[in-house]
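# Inside the fold
Residues per chain are reported as follows:
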Amino acid sequence: MQELASESVVTQPIEERLELVRFKVDKRPHIRVHTEACRGCDLTPCVYVCPAGLFEILGGEMHFSYEHCLECGTCYVACERKAIEWEYPRGGWGVSFRAS
Ligand code: SF4
Ligand code: SF4
């Protein structure tokens, strides 16, 4: 019985699991991207590593939105140019990983 339960978690599609995530969006961004540093960043790792897909190159410019951030910190680690200012959201704000 225990095996079945863990198997269903593992095989549940990521889209379904993300539907359980809730956000309480603070007006104050907890992540800032200094996009001037993004010009000439050819590999743009942030675009590929962000599980929420919050980094996007549009018309040659970096666009970022913090509202649906999963707070994993991966973008901060991946950006070698230190273009990302990162902190956790203030208490009571941000992602909640269990639907209530
Ligand atoms: S990795 Fe850093 S410098 Fe490169 S595009 Fe992303 S945020 Fe900008
Ligand atoms: S902390 Fe994670 S989810 Fe949030 S923007 Fe960075 S990579 Fe994306």
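An account of the accompanying structure is given in this report. (Residues numbered from 1 in each chain as written. Chains lettered and ligands numbered in written order. Predicted model: local features only at pLDDT ≥ 70, side-chain atom pairs only at ≥ 80, totals over all residues. Heavy atoms only, no water.)

## A look at the site of ligand 1
- The full set of residues close to ligand 1 is Ala-37, Cys-38, Cys-41, Thr-44, Pro-45, Cys-46, Met-62, Cys-79, Arg-81, Ala-83 and Ile-84.
- In the shell around ligand 1, the residues fall into nine nonpolar, one polar and one charged. (Near = heavy atom within 4 Å. Nonpolar A, V, L, I, M, F, W, Y, C, P; charged D, E, K, R; others polar.)

## Here's the deal with the packing of aromatic side chains
- Applying the stated criterion across every chain yields a total of two aromatic pairs.
- Seen in terms of ring centroids, Phe-55 and Phe-64 are 4.6 Å apart; in terms of plane orientation they differ by 35°. Their pairing is tilted.
- With relative accessibility at 24%, the residue Phe-64 sits in the partly exposed group.
- Judged by centre distance (4.9 Å) and plane angle (80°), the ring pair of Trp-86 and Tyr-88 falls under edge-to-face.
- Looking at Lys-24, its charged tip hangs above the ring of Trp-93, at a distance of 4.7 Å from the centre. (Phe/Tyr/Trp six-rings, centres within 6.5 Å; stacked < 30°, edge-to-face > 60°. Buried < 20%, exposed > 50% of the residue type's maximum accessible area, 1.4 Å probe, protein only. Lys NZ or Arg CZ within 6 Å of the ring centre and 35° of its normal.)

## Re the site of ligand 2
- By nearness alone, 13 residues border ligand 2, and Cys-50, Cys-69, Cys-72, Gly-73 and Cys-75 come closest of all.
- Class assignment for the residues of the shell around ligand 2 results in 11 nonpolar, one polar and one charged.

## Some words on the pattern of salt bridges
- Going through the model one piece at a time under the given rule, you end up with two salt bridges.
- The partner of Asp-26 in a salt bridge is Arg-90, and the shortest N-O contact between them spans 2.8 Å. One end of the pair, Asp-26, is in the loop between β1 (22-24) and β2 (31-33); the other, Arg-90, is in the loop between β5 (84-86) and β6 (94-96), and 64 residues separate them in sequence.
- For Arg-90, a relative accessible area of 39% corresponds to the partly exposed category.
- Of the charged contacts in the structure, one is a salt bridge between Arg-39 and Glu-61, with a shortest N-O distance of 3.5 Å. Of this pair, Arg-39 sits in the loop between β2 and α3 (45-49) while Glu-61 sits in strand β4 (residues 61-64), placing them 22 residues apart in sequence.
- Classification of Glu-61 as partly exposed rests on a relative accessible area of 32%. (Salt bridge = Lys/Arg side-chain N within 4 Å of Asp/Glu carboxyl O. Helix = DSSP H or I, 4+ residues; strand = E, 2+ residues; numbered from the N terminus.)

## Topic: the nonpolar core
- Within the largest apolar cluster, 13 residues are counted, with the highest numbers of intra-cluster contacts made by Ile-31, Val-33, Phe-55, Met-62 and Ile-84.
- Not counting residues within four places of it along the chain, the set of residues in contact with Ile-84 comprises Ile-31, Arg-32, Val-33, Phe-55, Cys-75, Tyr-76 and Cys-79. (Core = buried A, V, L, I, M, F, W, Y, C linked by side-chain atoms within 4.5 Å. Contact = heavy atoms within 4.5 Å.)

## Here's the deal with the side chain of Glu-71
- Take Glu-71: it is sitting in the loop between β4 and α4 (74-78).
- A distance of 2.9 Å separates a polar atom in the side chain of Glu-71 from the backbone nitrogen of Val-95.
- In this structure Glu-71 touches His-30, Trp-86, Tyr-88, Pro-89, Trp-93, Gly-94 and Val-95, once residues within four positions along its chain are discounted. (Polar contact = N/O pair within 3.5 Å; in protein donor to acceptor, adjacent residues only side chain to side chain.)

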